[in-house]
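# Structure assessment
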Amino acid sequence: MKNYNDITGNGSVKVNNFISEKSQQLCYYLRGYWGNLIAYSELELFFWDVLEEWSQVEYSLEQPYSSQERVFWHLLHQIHYWDAQKIMLDDDLIAELQRCACFLEGTGRCPIDCVGIRP
């Protein structure tokens, strides 16, 4: 497990570094699941690993969220909330998740309907 307390800078940098790294991994896992390369159980394990690692991040409650962070938490919660079949087969949900993933990967616009919050 990476220790995010070791990243230099203020709390904002620590959170931003964590979110940037985990965003790329989240997109990788989700796209791998859609491509039948990663089992849903691995996606679920990733969810729990992120929460465990987040507990190592220092931040203040007054620290504002970036758009990337809001979308990241929204996407992470969505993949945990919905079951495997819905994530794989529901066209509307897939479109929403793809918009989020594209934004996190830097290839799309920020979805305006994401309300992700820190755990």
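The model shown is predicted, which means the values in this text are computed figures rather than measured ones.

## Re the overall build of the protein
For the protein, the count of helices and strands is five helices and zero strands. From first element to last, N terminus to C terminus, the protein shows the α and β order α-α-α-α-α. Of the contacts made within the protein by residues no fewer than 6 positions apart, 71% connect residues no fewer than 24 positions apart. Surface accessibility of the protein: about 6700 Å² in total, with carbon and sulfur atoms responsible for 52%.

## Focus on the packing of helix 3 (residues 67-81) against helix 5 (residues 91-105)
Running from N to C, helix 3 and helix 5 point in directions that differ by 145°, and their axes come no closer than 10 Å. Where helix 3 crosses over helix 5, the two elements pack in a sense that is left-handed. Along its contact with helix 3, which presents Ser-67, Gln-68, Val-71, Phe-72, His-74, Leu-75 and Gln-78, the element helix 5 presents Leu-93, Glu-96, Leu-97, Cys-100, Ala-101, Phe-103 and Leu-104. Tallied by class, residues from the contact of helix 3 with helix 5 come to nine nonpolar, four polar and one charged.

## What to know about the nonpolar core
With 30 residues, the main nonpolar core has Leu-30, Phe-72, Trp-73, Leu-75, Leu-76, Ile-79 and Ile-87 as its most contacted residues. Mapped onto this core, the elements with two or more residues apiece are helix 1 (11-34), helix 2 (40-54), helix 3 and helix 5. Not counting the four nearest positions on each side in its chain, Phe-72 is found in contact with Ile-19, Lys-22, Ser-23, Leu-26, Val-50 and Leu-104.

## A look at unusual backbone geometry
The phi angle at Asn-36 is positive, at roughly 60°, despite the residue not being glycine. Topologically, Asn-36 is positioned in the loop between helix 1 and helix 2. Its relative accessible area of 65% is what places Asn-36 among the exposed residues.

## What about the confidence of the model for the protein?
Put simply, the protein has an average pLDDT of 90, and 89% of its residues get 70 or more. Every residue in residues 4-9 is under pLDDT 50, and counting partners more than four places away or in other chains gives 16 contacts.

## Some thoughts on the pattern of salt bridges
Evaluated as defined, the whole model comprises five salt bridges. A salt bridge links Lys-22 to Glu-53; the nearest nitrogen and oxygen atoms lie 2.9 Å apart. One end of the pair, Lys-22, is in helix 1; the other, Glu-53, is in helix 2, and 31 residues separate them in sequence. You can call Lys-22 buried: its relative accessible area is 5%. Relative accessible area serves as the criterion here: at 12%, Glu-53 is assigned to the buried category.

## Some points on helix 3
Along its 15 residues, helix 3 runs 21 Å from first to last C-alpha, staying within 8% of the 21 Å computed at 1.5 Å per residue. Those residues of helix 3 that fall on the buried side of the exposure criterion are Glu-69, Val-71, Phe-72, Trp-73, His-74, Leu-75, Leu-76, Gln-78 and Ile-79.

## Considering the packing of helix 2 against helix 3
Between helix 2 and helix 3, the least distance of the axes is 10 Å, while the angle of their chain directions is 135°. The orientation of helix 2 relative to helix 3 falls into the category oblique. Of the two possible hands of crossing, helix 2 and helix 3 adopt the one that is left-handed. Between helix 2 and helix 3, the residues in contact are Tyr-40, Leu-43, Glu-44, Phe-46, Phe-47, Trp-48, Val-50, Leu-51 and Trp-54 and Glu-69, Phe-72, Trp-73, Leu-76, Ile-79 and His-80, respectively. Considered class by class, the residues forming the contact of helix 2 with helix 3 number twelve nonpolar, one polar and two charged.

Rules used throughout
Residues numbered from 1 in each chain as written. Predicted model: local features only at pLDDT ≥ 70, side-chain atom pairs only at ≥ 80, totals over all residues. Heavy atoms only, no water. Helix = DSSP H or I, 4+ residues; strand = E, 2+ residues; numbered from the N terminus. Contact = heavy atoms within 4.5 Å. Areas by Shrake-Rupley, 256 points an atom, 1.4 Å probe, with all protein chains shown as cover. Axes fitted to C-alpha atoms, helices over the stretch in contact; angles between N-to-C directions. Left-handed = near helix turned anticlockwise from the far one by under 90°. Nonpolar A, V, L, I, M, F, W, Y, C, P; charged D, E, K, R; others polar. Core = buried A, V, L, I, M, F, W, Y, C linked by side-chain atoms within 4.5 Å. Buried < 20%, exposed > 50% of the residue type's maximum accessible area, 1.4 Å probe, protein only. pLDDT = per-residue confidence, 0-100. Salt bridge = Lys/Arg side-chain N within 4 Å of Asp/Glu carboxyl O. Expected span 1.5 Å × (residues − 1). Parallel < 35°, antiparallel > 145°, perpendicular 65-115°, else oblique.

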